[in-house]
Amino acid sequence: MQTVKHKILVLSGKGGVGKSTFASQLAFALAGKDKQVGLLDIDICGPSIPKMLGLEGQEIHQSNLGWSPVYVEDNLGVMSIGFMLPDPDEAVIWRGPRKNGLIKQFLKDVYWGELDYLIVDAPPGTSDEHISIAQYLKATSVDGAIVVTTPQDVSIIDVRKEINFCQKVGIPVLGVVENMSGLLQPLSSLKFKSITINGDEEDVTAAVLQEIQRSSNLLQSVYTYSEVFYASSGGAEKMAKDMKVPFLGRVPLDPGLSRAAEEGRSCFSDGSCKLSASYLNSIIGKIQCTVEASADSSSKV
């Protein structure tokens, strides 16, 4: 860890909120800014990072320096238990001490080389993996944690616990990201159906879009937005304000981003998910400014 400048945890108290998607796109974005980046997946029982980085089927190699990460690009290396499983469908049924031992090995024995950023994607919750990574990284000056949530209360309730966990173990919270914050799509990409009282469906997309185009020139420039999740308690922004931690921003549900994650590629590489890419870029810029400004002030002291 001595060769790693900045260490950032990506956490969430709730599963299924898009934490690994955010961690992978954060790594892609920083690597795209010519930073040397490592992405460490410590979700021992459900490693999804190899899939989201397009590295399924890859294996770890060992040298006299230690374990070598699997590289997406020359400046983006990845480490995950997913590279160690002979069968991707094989369940990892381990008790806490064995999980903790592997996490320690990942931190101690992986030869990352000189890194600007190490992004650590943790599983949901506040259990063994979190206690271990907090204990080990705190000894090496971790920069802080990004906490990811969705807007609805069923997620917010658990994410409050995650922030409380960070405060108890002394890890700074760099900020909260509200993911899946409404569904945002170009009007031209929508599908329209006519549904009868008997449940019969007919695709009327072509007719509807033709009618919209006939009556307006806005078809290519208008986006539709709908709130998928009901934020009964005010969502992530209110929670962050209540808990006195920074709110970094919102990322909408974007089918293009979902496709990029499924295909293991960056959402910044082309225009296929430009909607979510702009929101992500804004958030990642804030994170980078906070982390690097803090490092500058520490070096002056």
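Rules behind the numbers
Residues numbered from 1 in each chain as written. Predicted model: local features only at pLDDT ≥ 70, side-chain atom pairs only at ≥ 80, totals over all residues. Heavy atoms only, no water. Helix = DSSP H or I, 4+ residues; strand = E, 2+ residues; numbered from the N terminus. Rg over C-alpha atoms; globule rule 2.2 N^0.38 Å. Buried < 20%, exposed > 50% of the residue type's maximum accessible area, 1.4 Å probe, protein only. Contact = heavy atoms within 4.5 Å. Areas by Shrake-Rupley, 256 points an atom, 1.4 Å probe, with all protein chains shown as cover. Lys, Arg positive; Asp, Glu negative; His and termini not counted. Charge placed at Lys NZ, Arg CZ, Asp CG, Glu CD. Axes fitted to C-alpha atoms, helices over the stretch in contact; angles between N-to-C directions. Left-handed = near helix turned anticlockwise from the far one by under 90°. Nonpolar A, V, L, I, M, F, W, Y, C, P; charged D, E, K, R; others polar. Salt bridge = Lys/Arg side-chain N within 4 Å of Asp/Glu carboxyl O. Core = buried A, V, L, I, M, F, W, Y, C linked by side-chain atoms within 4.5 Å. Expected span 1.5 Å × (residues − 1). Arc of directions from axis to C-beta. Phe/Tyr/Trp six-rings, centres within 6.5 Å; stacked < 30°, edge-to-face > 60°. Polar contact = N/O pair within 3.5 Å; in protein donor to acceptor, adjacent residues only side chain to side chain.

Looking at an unreviewed UniProt entry, one finds the protein chain named Cytosolic Fe-S cluster assembly factor NBP35, with Ceratopteris richardii as its source organism.

A. Local environment of the overall build of the protein chain. Within the protein chain one finds nine helices and 13 strands. The C-alpha radius of gyration computed for the protein chain amounts to 21 Å, which stays within 12% of the reference 19 Å derived for 301 residues, consistent with globular compactness. Dimensions along the principal axes, computed over C-alpha positions, put the protein chain at roughly 65 × 45 × 40 Å. Of all 301 residues assigned to the protein chain, the portion counted as buried reaches 47%. Of the contacts formed within the protein chain by residues at least 6 apart in sequence, a portion of 77% connects residues at least 24 apart. A total of about 15100 Å² of accessible surface is found on the protein chain, and carbon and sulfur atoms cover 50% of it. One finds the centroid of the 28 positive side-chain charges in the protein chain at a distance of 8 Å from the centroid of its 35 negative side-chain charges.

B. Region of the structure containing the packing of helix 4 (residues 128–138) against helix 5 (residues 153–169). Between helix 4 and helix 5, the shortest axis-to-axis distance is 11 Å and the interhelical angle comes to 40 degrees. Two packed elements cross with a definite hand, and for helix 4 against helix 5 that hand is right-handed. Contacts from His 130, Ile 131, Ala 134 and Lys 138 in helix 4 reach Glu 162, Phe 165 and Val 169 in helix 5. When grouped by side-chain class, the residues that make up the contact of helix 4 with helix 5 number four nonpolar, one polar and two charged.

C. Looking closely at the pattern of salt bridges. Scanning the entire structure with this criterion turns up 15 salt bridges. Here Asp 158 and Lys 14 are joined by a salt bridge, their closest N and O atoms 3.2 Å apart. Of this pair, Asp 158 sits in helix 5 while Lys 14 sits in the loop between strand 1 (4–11) and helix 1 (19–32), and the two are 144 residues apart along the sequence. Residues Lys 35 and Glu 292 are paired through a salt bridge, measuring 3.6 Å at the closest nitrogen-oxygen approach. Taken together, the positions of Lys 35 in the loop between helix 1 and strand 2 (37–41) and Glu 292 in helix 9 (residues 274–300) put the pair 257 residues apart, joining distant regions of the chain. For Glu 292, a relative accessible area of 25% translates into the label partly exposed. Counted as one network, the salt bridges with shared partners bring together Lys 14, Asp 158 and Lys 161.

D. Representation of the nonpolar core in the model. By size, the foremost hydrophobic cluster in this structure holds 80 residues, and its most contacted members are Phe 22, Leu 40, Leu 53, Ile 119, Ile 146 and Ile 163. Among the elements that line this core, the one with the most residues is helix 1, at eight residues.

E. Up close: helix 5. Here helix 5 spans 25 Å end to end across 17 residues, near enough to the 24 Å set by a 1.5 Å rise per residue. When we look at burial in helix 5, the residues that qualify are Ser 155, Ile 156, Val 159, Glu 162, Ile 163, Phe 165 and Cys 166. Along the long axis of helix 5, the arc covered by the buried residues comes to 165 degrees, so they all point the same way. In the stretch just after helix 5, Gly 170 is the one whose phi turns positive, near 80 degrees.

F. Expanded view of the packing of aromatic side chains. Taken as a whole and judged by the stated rule, the model has one aromatic pair. Ring plane angle 65 degrees and centroid distance 6.0 Å describe the contact between Trp 67 and Phe 106, whose orientation is recorded as edge-to-face. Residue Trp 67 is found in strand 4 (residues 66–68), and its partner Phe 106 is found in helix 3 (residues 96–109); the two are separated by 39 residues along the sequence.

G. Representation of the side chain of Lys 7 in the model. Turning to its location among the elements, Lys 7 is positioned in strand 1. Buried charge without a salt bridge: Lys 7, with Asp 143 as the nearest opposite-charge side chain at an N-O distance of 5.6 Å. Here the side chain of Lys 7 touches Val 4 through a polar contact of 3.3 Å, landing on its backbone oxygen. A polar contact of 2.9 Å, which involves the side chain of Lys 7, links it to the backbone oxygen of Thr 140.

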